[in-house]
Structures are given as structure tokens and as C-alpha cells.
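# Residue-level structural notes
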Amino acid sequence: METLTHAPVLARFGYAASDPTRARILLALADAPAYPSDLADTLEVSRQSISNHLTCLRGCGLVMAVPDGRRSRYELADARLGNAIRDLIGVVLAVDPACCAPDGTCVA
């Protein structure tokens, strides 16, 4: 296990949030911990897809699995991530459409 701070943390968060499904998982977990099957149902994606995305988020250090009997519940690895996510969704950006595509990728 490696501990990261500052710019590497932002880079990991940016990578994780760059995928729409992972971003939706992070938003859901910012509200409350959840089981993978519940996330799949809520987000209307397959359980396999949720599992793959949770593996990525866990590898990035953003979420953790908490054993709960025979199941695992997922939650944000640090409560401050929830605050950061809630703060970020309140940000309004003025973007140049010639530079940024609707999906957020740079086109310049």
C-alpha cells in the first residue's frame, strides 16, 4: 500500500471521476454507504460493471469495502471526499466549446 498526498491525490480523483459511471458511484457514496447490488439497481448498470468500477475506485484509494456478514458494503475511504464531492457539484464553470467537448475532453 502506498500513501499519496497533494497532486497525486487530485490526479487519482480526476481519473476516477472522468468516467460517468464511476462519477455516479462516487456521488451515491457521498450520500451514504451502499452494497454493490443496490448501486447497480440505483444506477441501472450491470452488477459486473459496478464490480469493475468499484475495483478501480478501491485501487485508486477512494472507496473501501467494509465486511458486513457475507456481504461487503462500500463507502468513501475518507469522509472529506464526500464534502469535496458535494462542493464540486456546486461549482459553475464557463467553458469554451472550441476547447472542451460536452463530455469534458479537451479538443484543442
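Just above, that's the structure.
Computed from a prediction, not measured in an experiment: that's the story for all the values here. (Residues numbered from 1 in each chain as written. Predicted model: local features only at pLDDT ≥ 70, side-chain atom pairs only at ≥ 80, totals over all residues. Heavy atoms only, no water.)

A few words on unusual backbone geometry. Of note in this structure, Glu44 is not a glycine but carries a positive phi near 55°. Tracing the chain through its elements places Glu44 in the loop between helix H3 (36-43) and helix H4 (47-59). Residue classification places Glu44 among the exposed residues on the basis of a relative accessible area of 72%. (Helix = DSSP H or I, 4+ residues; strand = E, 2+ residues; numbered from the N terminus. Buried < 20%, exposed > 50% of the residue type's maximum accessible area, 1.4 Å probe, protein only.)

Before going further, it helps to examine the packing of aromatic side chains. All chains considered together, the criterion is met by zero aromatic pairs. The ring of Tyr15 has Arg22 sitting right over it, with the charged end atom 4.9 Å from the ring centre. It is Arg71 that lies over the ring of Tyr35; its NZ or CZ is 3.7 Å from the centre. (Phe/Tyr/Trp six-rings, centres within 6.5 Å; stacked < 30°, edge-to-face > 60°. Lys NZ or Arg CZ within 6 Å of the ring centre and 35° of its normal.)

With that out of the way, let us pick up the pattern of salt bridges. Under the defined criterion, the tally for this structure stands at three salt bridges. Linking Asp68 and Arg73 is a salt bridge whose minimum nitrogen-to-oxygen distance equals 3.9 Å. Look at Asp68 and you get partly exposed, because its relative accessible area is 34%. Taking the relative accessible area as the measure of exposure, Arg73 reaches 23% and is therefore partly exposed. Three or more residues are tied together by salt bridges with common partners; here these are Asp68, Arg73 and Glu75. (Salt bridge = Lys/Arg side-chain N within 4 Å of Asp/Glu carboxyl O.)

Bringing the pairing of strand E1 (residues 63-68) into the picture now. Pairing of E1 with strand E2 (residues 71-76) involves six bridges; the strand directions are antiparallel. From the neighbouring strand, Val66 faces E2, where its bridge partner is Arg73. Turn length for the E1-E2 hairpin, with the two strands adjacent in sequence and antiparallel, is two residues, and the turn residue Gly69 shows positive phi of about 70°. (Pairing = 2+ DSSP bridges.)

What follows covers H4. Taking 1.5 Å per residue, 13 residues should reach 18 Å; H4 reaches 18 Å between its end C-alpha atoms and fits that length. For H4, the set of buried residues is Ile50, His53, Leu54, Cys56 and Leu57. Down the axis of H4, the sector holding all buried residues measures 160°, keeping them to one side. The exposed set on the far side of H4, more than 90 degrees from its buried face, consists of Gln48 and Gly59. (Expected span 1.5 Å × (residues − 1). Arc of directions from axis to C-beta.)

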